[in-house]
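# A look at the structure
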Amino acid sequence: MSKVAILKTEPSTVIKDYGKLMDLADYQKHIKKQKRTLLKLNLSWTLYYPACSTEPWQLDGVLKKLTSDGYKNIAAVENKTVVTDPIKGAGLIKWNDILSKYNIEYRPLTKEKWIKYKLKNTLALHEFFGDNYVIPEIFSDSNIIHTNTLKCHGHTTITGAMKNAFGGLITEKRHHCHRKIHEVLVDLLQIQKDIHPGIFAVADGTVCGDGKGPRTMIPRIKNY
């Protein structure tokens, strides 16, 4: 059974509060240390904009908790879209600074090997990819932690950890999948349960994105 934890926070305690949050949700029950752990970052825009992409303090808080709890085999990953560049974005959003602080490797999925994955009883993915569906090889047998933000989205109304998988398990040529986005997200959850030994999500709602997400939004300070 899934467990959800929610915390009110503030700038002076947000890094520490991420550690409390992860413990409240019993993250170590799901993320085993003997497996590699991937942080699936969320890049909705190459430029920094509040609530749009994984926040630097969010990444800092999660990595501080993981490393202090003895997790060692960690890497951060993100893919590109037709409007984003994961290498430029990592610099502009200050991810690189945080990753360097904890000596964590950043592995853009544009540079990773993708391997064939046989779709099983999917609702929609087979319509778009048939027998040519591929996933990043690094994802197989690795834990996944989604670091999404709380914001609106033009196709899914709101977007979170379920939608964050969309950017990791489908190549950059995935925009057509939005035509059946709800079915695709169910398919991706099934695939995640098949390939990942552990699945977890840590969402940032310190600043939430209101309006026409995931890019052209009004920032709303909520401190969650």
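Placed above this text is the structure.
Residues numbered from 1 in each chain as written. Predicted model: local features only at pLDDT ≥ 70, side-chain atom pairs only at ≥ 80, totals over all residues. Heavy atoms only, no water.

## Considering the sheet that holds strand β6 (residues 143-146)
Inclusion rule: The pairing criterion is simple: DSSP has to find at least two bridges between the two strands. Secondary structure elements follow DSSP: runs of H or I no shorter than four residues count as helices, runs of E no shorter than two count as strands, and numbering proceeds from the N terminus. An axis is simply a line fitted to the C-alpha atoms; with a helix, the fit covers only the stretch in contact. Between two such axes, the angle follows the N-to-C directions and lies from 0 to 180 degrees.
Strands sit in the order β3-β2-β1-β6-β9 across an open sheet of five strands; the sheet is parallel. Lying at the two open borders of the sheet, with one neighbouring strand each, are β3 (105-108) and β9 (199-201). Across the sheet, the mean angle separating the axes of adjacent strands is 25 degrees when strand polarity is ignored. Alignment of strand β2 (residues 74-78) against β3, held across four bridges, turns out to be parallel. Note on β3: the bridge partner recorded for V77 is R107.

## So, the packing of aromatic side chains
Put simply, the rule is: Pairing of aromatic rings covers Phe, Tyr and Trp, the last through its six-membered ring, and needs centres within 6.5 Å; plane angles under 30 degrees mean stacked, over 60 mean edge-to-face, and all others mean tilted. Relative accessibility decides the category of a residue: with a 1.4 Å probe and only protein chains considered, values under 20% of the type maximum give buried, values over 50% give exposed, and everything between is partly exposed. In this analysis the charged atom, NZ for Lys or CZ for Arg, is taken to sit over a ring once it is within 6 Å of the ring centre and within 35 degrees of the ring normal.
Per the stated rule, a full pass over the model turns up six aromatic pairs. Geometrically, the ring pair formed by F129 and Y133 is edge-to-face, given 5.5 Å between the ring centres and 65 degrees between the ring planes. In this pair, the class of F129 matches that of Y133, namely buried. Among the aromatic residues, ring-to-ring pairing joins Y27, Y71 and F200 into one connected group. Here K33 stacks its cationic end above the ring of Y71, 5.4 Å away from the centre of that ring.

## Quick word on the side chain of S44
Quick reminder of the rule: Any pair of nitrogen or oxygen atoms within 3.5 Å is treated as a polar contact; in protein, a donor-acceptor pairing is required on top of that, and neighbouring residues in sequence qualify only through side-chain atoms on both sides. The contact definition used throughout considers only heavy atoms, calling two residues in contact when any of these lie within 4.5 Å.
Relative to the assigned elements, S44 resides in the loop between β1 (37-40) and α2 (56-68). For S44, a relative accessible area of 8% puts it in the buried group. Looking at S44, its side chain comes within polar contact range of the main-chain oxygen of C52, at 3.2 Å. Those residues in contact with S44 that sit more than four places away from it in its chain are C52, S53, T84, K151, P214 and R215.

## Some details on the sheet that holds strand β8 (residues 157-159)
On the basis of which strands lie adjacent, the open sheet formed by four strands has the order β8-β7-β10-β11 and mixed pairing. A single partner strand is all that each edge strand has here, and the edge strands are β8 and β11 (216-221). Ignoring strand direction, the axes of neighbouring strands in this sheet form an average angle of 25 degrees. Looking at chain direction, strand β7 (residues 149-153) and β8 are connected through three bridges and run antiparallel. Within the sheet, the bridge partner assigned to C152 lies in β8 and is I158.

## With respect to the side chain of H178
Considering the arrangement of structural elements, one finds H178 in the loop between α6 (161-164) and α7 (181-195). Residues within four places of H178 in sequence aside, it is in contact with H153, H155, K163 and F166.

## Here we look at the packing of helix α1 (residues 14-24) against α2
Basically, it comes down to this: Any angle that is under 35 degrees is reported as roughly parallel, and any over 145 degrees as roughly antiparallel; angles of 65 to 115 degrees are reported as roughly perpendicular and all others as oblique. In this scheme, a crossing is called left-handed if the near helix is turned counterclockwise away from the far one by less than a right angle; it is called right-handed if the turn is clockwise. Polarity classes work like this: nonpolar for Ala, Val, Leu, Ile, Met, Phe, Trp, Tyr, Cys and Pro, charged for Asp, Glu, Lys and Arg, and polar for all others, with Gly in that last group.
Here α1 crosses α2 at 55 degrees, and the two axes come no closer than 8 Å. One finds that α1 runs oblique with respect to α2. Read as a crossing pair, α1 and α2 show a hand that is right-handed. On the side of α1, the interface is formed by V14, I15, Y18, G19, M22 and D23, while α2 contributes W57, Q58, D60, G61, V62, K64, K65 and L66. The residue makeup of the contact of α1 with α2, split by class, is seven nonpolar, three polar and four charged.

## Thoughts on unusual backbone geometry
Each neighbour pair has its own omega, and for G213 with P214 the value is 10 degrees, a cis peptide bond. Within the secondary structure, P214 is located in the loop between β10 (204-212) and β11. With a phi close to 55 degrees, N103 is a non-glycine residue in the positive phi region. Relative to the helices and strands, N103 is located in the loop between α4 (95-101) and β3. Of note in this structure, N121 is not a glycine but carries a positive phi near 50 degrees.

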